[in-house]
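Tertiary structure, described
Below, each chain spelled out in residue letters.
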Amino acid sequence: MSVTVIGVRFKEAGKIYYFDPGDFNITTNDHVIVETARGIEYGSVVVGLKEVDDSEVVPPLKKVIRIATADDDARVEENAFREKEAFAICLEKIEQHNLPMKLIDVEYTFDNSKVIFFFTADGRVDFRELVKDLATVFRTRIELRQIGVRDEAKMLGGIGFCGRELCCHTFLGDFAPVSIKMAKEQNLSLNPSKISGICGRLLCCLKYENDVYVENRKCGCKVKNMEALNNVDEDGDAFDLHKLED
């Protein structure tokens, strides 16, 4: 059995979620207001009307509330401005409490029911007093969410050594598992500086061609320009490959 859906993203290069378009004539690049687990949200339509098997849909399939209006667009712009102010205030509060954490981003939910602060830290951080201070300032629900280095790179963006914008920031919706074995399959140098991204983890692009290399080996095809594979960098120093993996 198939159902008609549209695909919506809430962040650039974010995960795509399916919604029921109802009676609305919705096309790609439209903006819509929908209900999510976080509340009422504003999203961009990246997949127009299409039929998918109901096994691909996570029930219950929520209906689109409305196509975004000019007032909705204005609220999103206002929230973006408020997020910048909230970022500066939170930085000041973090410094006041002398907390070992790095603020990465701030996000207001569309209906302003919650403000989410994303941060990185080496370990656990006791931010209870910080939450109280922020709740007093913003008078709404406050959530502090600790993220990993890959999520930090996805949020902030940057340029990879290939000279292009980071894949995770531009089009990758989810992080696929990447392993040292993939680098070995492709006869790549195991020097960490060559197979790790700016996040310090293994390059996401190791996944792109790996299946082709695996299939070639199964059929007995030889790969030219084989390199000697070992766990020693160019300076002759040993390094721990497992630290690069997730």
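Above this text you will find the structure in question.
These numbers come from a predicted model, not from an experiment. Here the residue index of a chain counts from 1 through its sequence in written order. Reporting in this predicted model follows two pLDDT cut-offs: at least 70 for local features of residues, and 80 or more for side-chain atom pairs to be given and counted; totals over whole chains, interfaces and linings ignore these cut-offs and use all residues. Side-chain figures throughout are based on the complete set of non-hydrogen atoms in the structure, without hydrogens or water.

**Quick notes on the overall build of the protein chain**
Only runs of H or I of at least four residues qualify as helices and only runs of E of at least two qualify as strands under DSSP, and these elements are numbered from the N terminus. Counting secondary structure elements, the protein chain contains 7 helices and 8 strands. The buried share among the 246 residues of the protein chain stands at 34%. By definition, residues are in contact when any of their heavy atoms lie within 4.5 Å. When contacts within the protein chain are restricted to residue pairs at least 6 apart in sequence, those whose partners lie at least 24 apart make up 64%. Burial classification: accessible surface area is computed with a 1.4 Å probe over protein chains only, and a residue below 20% of its type maximum counts as buried, one above 50% as exposed, and the rest as partly exposed.

**Re helix 1 (residues 70-97)**
Since one α-helical turn is 3.6 residues long, residues separated by three or four positions face the same way. With 28 residues, helix 1 should reach 40 Å at 1.5 Å per residue; the first-to-last C-alpha distance of 40 Å fits that figure. Buried within helix 1 we find Asp72, Asn79, Glu83, Ala86, Cys90, Lys93 and Ile94. Of the surrounding elements, those touching the buried residues of helix 1 are strand 3 (31-36), strand 4 (39-53), strand 5 (64-67), strand 6 (102-108), strand 7 (114-120) and helix 2 (128-138). Downstream of helix 1 by a residue or two, Asn98 has a phi angle that is positive, lying close to 55°. Each helix should span, by expectation, one fewer than its residue count multiplied by 1.5 Å.

**Let's talk about the sheet that holds strand 8 (residues 141-146)**
Here, a strand pair is defined by DSSP locating no fewer than two bridges between the strands. Pairing is mixed across the open sheet formed by 3 strands, whose spatial order is 6-7-8. Of all the strands in the sheet, just strand 6 and strand 8 have a single pairing partner and so form its edges. Across this sheet, the average inter-strand angle for adjacent strands is 20°, counted without regard to direction. Together, strand 6, strand 7 and strand 8 form the strand contacts of helix 2, whose direction differs from that of strand 8 by roughly 140°. Relative to strand 6, helix 3 (residues 149-156) is tilted by about 60°, and along the sheet it contacts strand 6 and strand 7. Structural elements are reduced to axes, namely lines fitted to C-alpha atoms, with helices fitted over the stretch in contact, and the angle between N-to-C directions of any two is expressed from 0 to 180 degrees.

**Describing the pattern of salt bridges**
Counted as salt bridges are all cases of a side-chain nitrogen of Lys or Arg within 4 Å of a carboxyl oxygen of Asp or Glu. Under the defined criterion, the tally for this structure stands at 12 salt bridges. Put simply, Glu41 and Arg38 hold a salt bridge, and the shortest N to O gap is 3.1 Å. For Glu41, a relative accessible area of 7% translates into the label buried. Among the residues examined, Arg38 registers a relative accessible area of 28% and is labelled partly exposed. Of the charged contacts in the structure, one is a salt bridge between Asp126 and Arg128, with a shortest N-O distance of 2.8 Å. For Asp126, a relative accessible area of 48% corresponds to the partly exposed category.

**Focus on the sheet that holds strand 5**
Strand order across the open sheet formed by 5 strands is 2-1-4-3-5, with antiparallel pairing between neighbours. Of all the strands in the sheet, the pair left with one neighbour each is strand 2 (17-19) and strand 5. Each strand axis lies, on average, 50° off the axis of its neighbour in the sheet, ignoring direction. Bridge analysis of strand 3 against strand 5 gives 3 bridges, and the strand direction is antiparallel. Bridge pairing in strand 5 places Ile33 opposite Arg66.

**Details of the nonpolar core**
Within this scheme, the nonpolar core is defined by two criteria: the residues are buried Ala, Val, Leu, Ile, Met, Phe, Trp, Tyr or Cys, and they are joined through side-chain atoms within 4.5 Å. Counting 17 residues, the largest nonpolar core has Met101, Phe117, Leu134 and Leu144 as the members making the most contacts within it. Not counting residues within four places of it along the chain, the set of residues in contact with Met101 comprises Ile94, Phe119, Thr120, Ala121, Val125, Leu130 and Leu144. Core analysis: the next-biggest nonpolar cluster, separate from the first, contains 9 residues, Val178, Ile180, Ala183 and Leu203 among them.

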